[in-house]
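Residues per chain, in single letters:
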Amino acid sequence: MKFLLLSAVLVGIISLLCCVIILKYFKLSIKYENLISYIKKITHIVSSARYGNLYSRIENNDNEITDELSRNLNNLLESILDRDVMINEYVEKEKEETSLKEDFIASLTHDLKVPIIAQDNTFDLLLTEKFGTLSDIQKEAVVKLKISNMDLKYLVEALLETYKVEHRGIIVKKESRVLINKFIKETIEQLSSIFELHNKKIDFKTELDDNFKADIDVFLTKRVINNLILNALSYSANADKIDIFLMRTNTGFSIKIKDYGIGIEKEDIDKIFNKFYSGNSNLKQASTGLGLYLSNKIIKAMDGSIEVQSEKNKGAAFIINLPE
């Protein structure tokens, strides 16, 4: 569109300059009335082109001077039209390819999630001893398999979400006046089974009044909190708890998620939100390096920010700051 507008303006400038030349040097060979009519036609053509009509043309009028100008102007419009058609064809092709990619990714993700969910259900049946009694060692093995299966599920979901964000952006749909304490407690409760598997507990504290409300996107905020909690679980194998603390700020509130694990190297703190970056690779954690990248993108889309506090071997704290 920028090319089209600039081209139309260029056509207008060239046309008007040519008209000035005609008036000054060739007025004897063209009647004044005909010249005024011709200038009006050019003005109309240029105005039409400016608003997207590239199909209007100036007809020849058996005058050598104006016919030459008309041919040049018509040829220029044809050239712009050809380029416009090429650009539209390219855009349509890109849309089609993007749609095919999205369908492929969505289909692939679905196909991958189906067996993952089936396995998860099987592990639950085993742990509830629906197929017979398990020894302690067998239960421990099934629990580890279930945890690994859940990690795989979150990896697949992270890949799909990253693709959506890169191609569609993040659409924030805020709900009005959400009770924050209640929302966080419900989010934690939904993860209780995962904490039981990891033999950990959540220590929840809040400075917020129970009536404290804020406008948030519930789905996106929950996604970020879940990701940070699961991240904390992955990197605090030797700790028995994770702290979640709600605080009031000058512009809204913050959610602090703290673990007591291995922490983050100082030189890595500025890199952890980069796409595909995964520190502590020596721990062989199942990670695409997309969880924190997505979380940061989501919080920024909601006009918030994420801070990181960490010391090596003393754990890490992620603080989500959101407006009220």
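What you are looking at is a predicted structure, and each value in this text was computed from that prediction instead of being measured.

*Asks:* So what about the sheet that holds strand E7 (residues 316-323)? Which residues, and what values?
*Replies:* The strand order across the open sheet formed by five strands is E2-E4-E5-E7-E6, and the pairing between neighbours is mixed. What marks the edges here is a single partner per strand, and that holds for strand E2 (201-206) and strand E6 (305-310). Taken over all neighbouring pairs, the strand axes of this sheet differ in orientation by 15° on average, direction set aside. Pairing geometry for strand E4 (residues 241-248) and strand E5 (residues 252-258), over six bridges, is antiparallel. Paired with Phe245 across the bridge in E5 is Lys256.

*Asks:* Which residues make up the pairing of E4, and what are the values?
*Replies:* Note: E2 against E4, six bridges, orientation parallel. Directly across from Asp203, in E4, lies its bridge partner Asp243. Between E4 and E5, which pair antiparallel one after the other, the connecting turn spans three residues.

*Asks:* Now, about the packing of helix H7 (residues 218-234) against helix H8 (residues 291-301): what can you tell me, with residues and values included?
*Replies:* Between H7 and H8, the least distance of the axes is 10 Å, while the angle of their chain directions is 150°. Classed by the angle they form, the pair H7 and H8 counts as roughly antiparallel. For the element pair H7 and H8, the recorded crossing hand is left-handed. When H7 is examined against H8, the residues Leu220, Arg223, Val224, Asn227, Leu228 and Asn231 are found in contact with a partner set consisting of Gly291, Leu292, Ser295, Ile298 and Ile299. Split into classes, the residues belonging to the contact of H7 with H8 amount to six nonpolar, four polar and one charged.

*Asks:* Talk me through the nonpolar core; I want residue IDs and the actual numbers.
*Replies:* The tendency in soluble globular proteins is for nonpolar side chains to be buried as a group. Formed by 43 residues in total, the largest nonpolar core has its most connected members in Ile180, Ile184, Ile216, Phe253, Ile255 and Phe318. Excluding anything up to four places from it in sequence, Phe318 contacts Leu228, Ile255, Lys256, Ile257, Ile264, Ile272, Phe273, Leu292, Ile306, Glu307 and Val308. One finds Ile42, Val46, Ala49 and Ile58 within the second-largest nonpolar core, a separate group that totals eight residues.

*Asks:* Could you give me a rundown of the pattern of salt bridges, with the residues and numbers involved?
*Replies:* Counted by the stated rule, this structure contains eight salt bridges. Residues Lys139 and Glu129 are paired through a salt bridge, measuring 3.5 Å at the closest nitrogen-oxygen approach. Residue Lys139 is located in helix H4 (residues 136-168), and its partner Glu129 is located in the loop between helix H3 (64-127) and H4; the two are separated by ten residues in the primary sequence. For Glu129, a relative accessible area of 30% gives the class partly exposed. Across the salt bridge formed by Asp215 and Arg177, the nearest N and O atoms sit 3.4 Å from each other. Of this pair, Asp215 sits in strand E3 (residues 213-216) while Arg177 sits in strand E1 (residues 175-179), and the two are 38 residues apart along the sequence. By sharing partners, the salt bridges in this structure join Arg177, Asp215, Arg248 and Glu324 into a single network.

*Asks:* Please set out unusual backbone geometry residue by residue, giving values where relevant.
*Replies:* Phi at Glu129 is positive, roughly 60°, even though this residue is not glycine. Of note in this structure, Arg177 is not a glycine but carries a positive phi near 50°. Overall, Arg177 belongs to the partly exposed group, its relative accessible area being 38%.

*Asks:* Please give an account of the packing of aromatic side chains that cites residues and values.
*Replies:* According to the stated counting rule, one finds two aromatic pairs in the structure shown. Here the aromatic rings of Phe212 and Phe253 are separated by 5.8 Å at their centres, their planes lie at 75°, and the arrangement is edge-to-face. Within this pair, whereas Phe212 is found in the loop between E2 and E3, its partner Phe253 is found in strand E5, the two being separated by 41 residues in sequence. Here the aromatic rings of Phe273 and Phe318 are separated by 6.5 Å at their centres, their planes lie at 85°, and the arrangement is edge-to-face. Linking Phe273 in the loop between E5 and H8 with Phe318 in strand E7, this pair joins segments that are 45 residues apart in sequence.

*Asks:* Explain the environment of Ile306 residue by residue, including any values.
*Replies:* Along the chain, Ile306 turns up in strand E6. Residue classification places Ile306 among the buried positions, given a relative accessible area of 12%. Spatially, the C-alpha atom of Ile306 lies 6.7 Å from that of Phe318, the residues being twelve residues apart in sequence. Leaving out residues up to four positions away in the same chain, Ile306 has contacts with Phe273, Ser295, Asn296, Ile299, Phe318 and Ile319.

*Asks:* Tell me about the side chain of Asp243, and name the residues and values.
*Replies:* For Asp243, the position within the fold is in strand E4. Among the polar contacts listed, one links the side chain of Asp243 to the side chain of Lys241, at a separation of 3.2 Å. Residue contacts for Asp243: discarding those within four places in its chain leaves Asp203, Lys256, Ile257, Lys258 and Tyr260.

What counts as what
Residue positions within a chain follow its written sequence, with the count starting from 1. In keeping with the model being predicted, local features are shown solely for residues with a pLDDT of at least 70 and side-chain atom pairs are shown and tallied solely at 80 or more, while totals for entire chains, interfaces and linings include all residues. Heavy atoms throughout the structure, all of them, feed into the side-chain values; hydrogens and water do not. At least two DSSP bridges between two strands are needed for those strands to be called paired. Think of it this way: any DSSP run of H or I at least four residues long counts as a helix, any run of E at least two long counts as a strand, and we number them from the N terminus. Orientation is described by axes fitted as lines to C-alpha atoms, over the contacting stretch for helices, and by angles from 0 to 180 degrees between their N-to-C directions. Orientation is classified from the angle alone, with under 35 degrees giving roughly parallel, over 145 giving roughly antiparallel, 65 to 115 giving roughly perpendicular, and any other angle giving oblique. Throughout, a crossing is termed right-handed when the near helix is turned clockwise from the far one, and left-handed when it is turned anticlockwise from it by less than a right angle. By definition, residues are in contact when any of their heavy atoms lie within 4.5 Å. Residues are sorted three ways: Asp, Glu, Lys and Arg are charged, Ala, Val, Leu, Ile, Met, Phe, Trp, Tyr, Cys and Pro are nonpolar, and all the rest, Gly among them, are polar. Only buried residues count toward a nonpolar core. Its members are Ala, Val, Leu, Ile, Met, Phe, Trp, Tyr and Cys residues joined through side-chain atoms within 4.5 Å. Each residue gets one of three labels from its accessible area relative to the maximum for its type: buried under 20%, exposed over 50%, partly exposed in between, using a 1.4 Å probe on protein chains only. A pair is scored as a salt bridge if a Lys or Arg side-chain nitrogen falls within 4 Å of a carboxyl oxygen belonging to Asp or Glu. When two rings of Phe, Tyr or Trp (its six-membered ring) have centres within 6.5 Å they constitute a pair, described as stacked for plane angles under 30 degrees, edge-to-face for angles over 60, and tilted for the intermediate range. For this analysis, a polar contact is any N or O atom pair within 3.5 Å, provided that within protein one partner can donate a hydrogen and the other can accept it, and provided that sequence-adjacent residues contribute only side-chain to side-chain pairs.

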